[in-house]
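Examination of the molecular architecture
Next come the chains, spelled out residue by residue.
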Amino acid sequence: MKKSIGNIVAVFLLLSFLFVPLTFNGRDWQFGLTRFLFEKPIAWLQNAFFPNALSNIDFSSDTIALNLLLLLLFILAVIVTGCLIFLRIKTKEIIEVTRTISCYYIVFILLKYGFDKVFKAQFYLPEPNILYTPFGQLTKDALYWSTLGTSHFYSLATGLIEVSVAALIVLKRTRVLGLILALGIFIHIVFINFGFDISVKTFSLFLVFTTFFAAFPYSRTLVDFFIFGKQKTLNPIPAIIKNKSLKSG
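Chains are numbered independently. Their residues run from 1 in the order of the written sequence. In view of the model being predicted, local features appear only for residues whose pLDDT reaches at least 70, and side-chain atom pairs are presented and counted only at 80 or more, with totals across whole chains, interfaces and linings using the full set of residues. Note that water and hydrogens are dropped before the side-chain values are worked out from all heavy atoms of the structure.

Focus: unusual backbone geometry
Just so we agree on the cut-off: Under the DSSP-based scheme used, a helix requires at least four consecutive residues in state H or I and a strand at least two consecutive residues in state E, with every element numbered from the N terminus. Buried residues are those whose accessible area, probed at 1.4 Å on protein chains only, stays under 20% of the maximum for their type, while exposed residues exceed 50% and partly exposed ones sit between those limits.
Here the phi dihedral of Asp62 falls at roughly 75°; this positive angle occurs in a residue that is not glycine. Following the sequence through the fold, Asp62 ends up in the loop between helix 2 (28-49) and helix 3 (64-86). Residue classification places Asp62 among the partly exposed positions, given a relative accessible area of 26%. The phi dihedral of Asp197 falls on the positive side, at around 55°, and the residue is not glycine.

A closer look at the nonpolar core
As a reminder of what qualifies: In these notes, a set of buried Ala, Val, Leu, Ile, Met, Phe, Trp, Tyr and Cys residues joined through side-chain atoms within 4.5 Å is what counts as a nonpolar core.
Membership of the largest hydrophobic core comes to 48 residues, with the highest contact counts inside it found for Ile42 and Ile169. Put simply, the parts of the chain that give this core at least two residues each are helix 1 (2-19), helix 2, helix 3, helix 4 (94-118), helix 7 (152-170), helix 8 (175-195) and helix 9 (201-215). The element best represented in this core is helix 1, accounting for nine residues.

Examining the packing of helix 4 against helix 7
Each pair of packed helices gets described by two things: the angle between the helix axes and the distance between those axes. Formally: For helices, the axis comes from a line fit to the C-alpha atoms of the stretch in contact; other axes are also lines fit to C-alpha atoms, and the angle between any two N-to-C directions lies between 0 and 180 degrees. Orientation categories follow fixed angle ranges, with anything under 35 degrees roughly parallel, anything over 145 roughly antiparallel, 65 to 115 roughly perpendicular, and all other angles oblique. The hand of a helix crossing depends on one turn: near helix anticlockwise from the far one by less than a right angle means left-handed, and clockwise means right-handed. When checking whether two residues touch, look at their non-hydrogen atoms; a contact exists if any pair is within 4.5 Å. Gly counts as polar in this scheme, as do all residues outside two lists: the nonpolar Ala, Val, Leu, Ile, Met, Phe, Trp, Tyr, Cys and Pro, and the charged Asp, Glu, Lys and Arg.
Direction vectors running N to C along helix 4 and helix 7 enclose 160°, while the axes themselves pass 7 Å from each other. By the angle class used here, helix 4 and helix 7 are roughly antiparallel. Handedness of the helix 4/helix 7 crossing: left-handed. Together, Cys103, Tyr104, Ile106, Val107, Leu110, Leu111, Tyr113, Gly114, Phe115, Lys117 and Val118 of helix 4 and His152, Ser155, Leu156, Thr158, Gly159, Leu160, Glu162, Val163, Val165, Ala166, Ile169 and Val170 of helix 7 make up the contact between the two elements. A class-by-class count of the residues in the contact of helix 4 with helix 7 yields 16 nonpolar, five polar and two charged.

Focus: the pattern of salt bridges
For the record, the criterion: Basic side-chain nitrogens of Lys or Arg form a salt bridge, by our definition, when they fall within 4 Å of a carboxyl oxygen of Asp or Glu.
Applying the stated criterion across every chain yields a total of five salt bridges. Ionic pairing is found between Asp62 and Lys201, a salt bridge with its closest N-O pair at 3.6 Å. A residue pair is termed long-range when its members are at least 10 positions apart, and Asp62 in the loop between helix 2 and helix 3 and Lys201 in helix 9 qualify at 139 residues. Residue Lys201 is classed as buried on the basis of its relative accessible area of 16%. With a closest N to O distance of 3.0 Å, Lys201 and Asp197 form a salt bridge. Among the charged side chains, a network of salt bridges with common partners joins Asp62, Asp197 and Lys201.

Observations concerning the confidence of the model for the protein chain
Let me state the cut-off plainly: The score called pLDDT rates the predictor's confidence residue by residue, from a low of 0 to a high of 100.
Counting all residues, the mean pLDDT for the protein chain is 86, and 91% of those residues have values of 70 or more. Predicted confidence in the protein chain is weakest over helix 5 (residues 128-131), with a mean pLDDT of 75, and strongest over helix 9, with 96. Low pLDDT (under 50) marks residues 240-249, which in the prediction has three contacts with non-local residues, meaning those over four places away or in another chain.

Here is the structure:
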């Protein structure tokens, strides 16, 4: 049962990496593929259960369409895993492969938003219409972004931290440390998104889930070390491809 749940989560994440659209940096092909495969079933579900929702199917974060997409991907993951078990197909490495892919997915996200902060593409300076709006009339969302945009140092520092954490995850020796730091970054972002009502709640929660999945094999060891003060050794990170003909020097 434990292995089956792990396989379902792994397949769900793989499907999510493929079909949850990341429209930045010219990745519109992903949105087109998702729309082609899932638009009709999602439109039917949305009309059936959320008749007052906007008719336009938009897969951006916090939309009903994205939440329904994740639900369909999870159901599909359960079906795929069930078929693999029924056909007795070995799935021993699927979780390890997914964990490795998850790490590089996290790296990609951290680098994207980290460099956006470094080059002032995320926490931009407030627009004139914001500056001339009375403080009490600003939404929490606009107030948060506008306030952070006034500090170039904060933008640069947080961006460099995210880029540095991405580098730690890329290196196998520091991957666990990088995942712990990334988990803290994403949990903090979740608090910000809920606290200031910023519309990236679903995606930020997805990033927390992905990071926790990637770091899960080390959770027991880390708890024993940090909470109970036991001396522990982290197991080496497994490689995706194992070549028995290669010998270490």
